[in-house]
Amino acid sequence: RDLEGVSDKFDQLRSVRYTPKEGFGTLGEEHIGFIAEEVEDIFPEFVSHNAEGETTGVMYDRMISVLVKEMQTMKNEMRMEIQSLENQIIQLQAQW
């Protein structure tokens, strides 16, 4: 089934710099990514949990399909916008 409506969700993702919680990376080392709890509100299928059900991290590999879909959507929108601008140029040139 095709992914639909991901653009609105994609726009809600917030890229951040963060220090991982104890036990989830090198303490004091800054990372770039997403806050798992925030991602869980938007794309729960991208978040991992421990045996107690606590959120433990983002499964970035699962995000690839959403990122590709977003890029395809943006590419199609840009293609349509370029075509529209080219048509406007042709119309303006015809008026001269």
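As the structure is a computational prediction, the values presented were derived from the model and not from experiment. (Residues numbered from 1 in each chain as written. Predicted model: local features only at pLDDT ≥ 70, side-chain atom pairs only at ≥ 80, totals over all residues. Heavy atoms only, no water.)

**Some words on the pattern of salt bridges**
When their charged atoms lie close together, side chains carrying opposite charge are able to pair. For the coordinates displayed, the defined rule picks out 2 salt bridges. Glu38 serves as the salt-bridge partner of Arg14, at 2.4 Å between the closest nitrogen and oxygen. Taken together, the positions of Arg14 in the loop between helix H1 (6-12) and strand S1 (16-18) and Glu38 in helix H2 (residues 36-42) put the pair 24 residues apart, joining distant regions of the chain. On the basis of relative accessible area, Glu38 is assigned to the partly exposed category, the value being 29%. For Arg17, the salt bridge identified is with Glu30, shortest N-O distance 3.6 Å. Pair noted here: Arg17 is in strand S1 and Glu30 is in the loop between S1 and strand S2 (31-33), with a separation of 13 residues, a long-range link. Accessibility assignment for this pair places Arg17 and Glu30 in one class, exposed. (Salt bridge = Lys/Arg side-chain N within 4 Å of Asp/Glu carboxyl O. Helix = DSSP H or I, 4+ residues; strand = E, 2+ residues; numbered from the N terminus. Buried < 20%, exposed > 50% of the residue type's maximum accessible area, 1.4 Å probe, protein only.)

**A few points about the layout of surface pockets**
Of the voids in this model, the largest pocket is the one considered here, and its volume is about 300 Å³. Surrounding the largest pocket, 15 residues form its lining, Tyr18, Phe24, Ala36, Thr56 and Gly57 being those nearest its centre. Counting residues per element, the ones that place at least two in the lining of the largest pocket are H2 and strand S4 (55-58). Of the residues forming the lining of the largest pocket, the biggest block, 4 residues, is contributed by S4. Those elements that place two or more of their residues in the lining of the second largest pocket are H1 and helix H3 (64-95). For the lining of the second largest pocket, the class distribution of residues is 5 nonpolar, 2 polar and 6 charged. (1 Å grid on protein atoms, 1.4 Å probe; cavity = no way out; pocket = protein on both sides within 12 Å on 5 of 7 lines; lining within 4 Å. Points joined across faces, edges and corners; volume = space filled by probe spheres on them. Nonpolar A, V, L, I, M, F, W, Y, C, P; charged D, E, K, R; others polar.)

**Focus: the nonpolar core**
In terms of nonpolar packing, the biggest core is built from 12 residues, these being Val6, Leu13, Phe34, Ala36, Val39, Ile42, Phe43, Phe46, Val47, Val58, Met63 and Val66. Per-element tally for this core: the top contributor is H2, with 3 residues. Those residues in contact with Val66, other than ones at most four positions away along the chain, are Leu3, Val6, Phe10, Phe43 and Phe46. (Core = buried A, V, L, I, M, F, W, Y, C linked by side-chain atoms within 4.5 Å. Contact = heavy atoms within 4.5 Å.)

This is a description of form; function is not addressed.
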